[in-house]
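Residue strings, one per chain:
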Amino acid sequence: MAIIVNGVEITDAMVQAELDNHADTPSPRDAAIQQLVLHQLLLQKAQESGFDTANEGQAIGALLDKELQFVPADEAACIAYYEANQQQFKQGDSAKASHILFPLGSGDELSATLARAKAEGVLAEVQANPSRFADLAREHSTCPSGKQGGDLGQFGRGQMVPEFEQAVFGTDAGQITPNLVETQFGYHIIQVNQRSEGGQIAFEDIKDRLGQYLNEMAGRQAMHDYLTKLVSAAKIEGYTMPGLN
């Protein structure tokens, strides 16, 4: 059965052409049809409102700029949301660290002893001259991070194996772990570059992003309400539009 939107047909060819844009959805055909229906409703509304629809995208954009009105979130609105949703604005402990990784050995006792001895020797060297940490990482580390001087970037609790995490969060910023840290990956010499304790994120640190978020949400709600209104007022034959998300 043909799909008719206020007297305008959406053809099978149009649906087929739109399908590729929705290949990753659970039901590409339904998603394609719904997109075409909404596009047609917006285009018809743009024509009705006197916009030049020679360029359909520009006409619909101009229509939405005119029709979608909402009050931007001010600081008071941001504060109210922040205070009502405090759990959203907490962060866990995090750290920035570098490491030098050595293999555990080939499985036999001699190999394991030599591997640890090499790691212990580099540990003594780096503790005597911490400024050489990056150079020694580039020279000795078997981790890909060695190319960046051992830099692992920033990470939080739960992102590293337990032995490594315990060593990092048990060492002060700016310090090198006093002993080798053994994990399933090998022996690590770890330099803790920065430590940040978790806790509540201050409103001043989040207010700009929060304002942007609230405005985006208001814009989405305005769009939802506007499209719902268009669908409710339209005569759509051959297809039943679901509730808009």
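To keep things clear, this report deals only with the structure shown in the data block. Since the model is a prediction, treat every value here as computed from it, not as a measurement. (Residues numbered from 1 in each chain as written. Predicted model: local features only at pLDDT ≥ 70, side-chain atom pairs only at ≥ 80, totals over all residues. Heavy atoms only, no water.)

**A short note on the packing of helix α2 (residues 28-48) against helix α8 (residues 203-233)**
Each packed pair of helices is defined by two parameters, the angle between the axes and the distance between the axes. α8 packs onto α2 with a crossing angle of 85° between their chain directions and a minimal axis gap of 10 Å. Regarding the angle of α2 to α8, the classification is roughly perpendicular. Contact residues: Leu38, Leu41, Leu42 and Lys45 in α2; Tyr226, Leu227, Leu230 and Val231 in α8. Looking at the contact of α2 with α8 residue by residue, the classes come out as 7 nonpolar, no polar and 1 charged. (Axes fitted to C-alpha atoms, helices over the stretch in contact; angles between N-to-C directions. Helix = DSSP H or I, 4+ residues; strand = E, 2+ residues; numbered from the N terminus. Parallel < 35°, antiparallel > 145°, perpendicular 65-115°, else oblique. Contact = heavy atoms within 4.5 Å. Nonpolar A, V, L, I, M, F, W, Y, C, P; charged D, E, K, R; others polar.)

**Side note on the environment of Lys96**
Relative to the elements of secondary structure, Lys96 occurs in strand β4 (residues 94-102). The class of Lys96 is partly exposed, set by a relative accessible area of 33%. In sequence terms Lys96 and Ala31 are 65 residues apart; their C-alpha atoms lie 44 Å from each other. Ignoring any residue separated from it by four or fewer positions in sequence, one finds Lys96 in contact with Gly153, Gln154, Gln191, Val192, Asn193 and Gln194. (Buried < 20%, exposed > 50% of the residue type's maximum accessible area, 1.4 Å probe, protein only.)

**Side note on the sheet that holds strand β6 (residues 181-183)**
The strand order across the open sheet formed by 4 strands is β5-β4-β7-β6, and the pairing between neighbours is antiparallel. Each end of this open sheet is capped by a strand with a single partner; those strands are β5 (151-156) and β6. Taking each pair of neighbouring strands and ignoring which way they run, the sheet shows an average axis angle of 45°. For β4 and β5, the ladder comprises 4 bridges, and the chain directions are antiparallel. Bridge assignment links Lys96 to a residue of β5, and that residue is Gln154. Across the sheet, helix α5 (residues 109-128) lies against β4, β6 and β7 (186-196), angled at about 35° from β7, the strand it touches most. Where helix α6 (residues 133-140) meets the sheet, it contacts β4 and β7, and its direction lies at approximately 45° from that of β4. (Pairing = 2+ DSSP bridges.)

Honestly, that's just the spatial picture; any functional story needs more than this.
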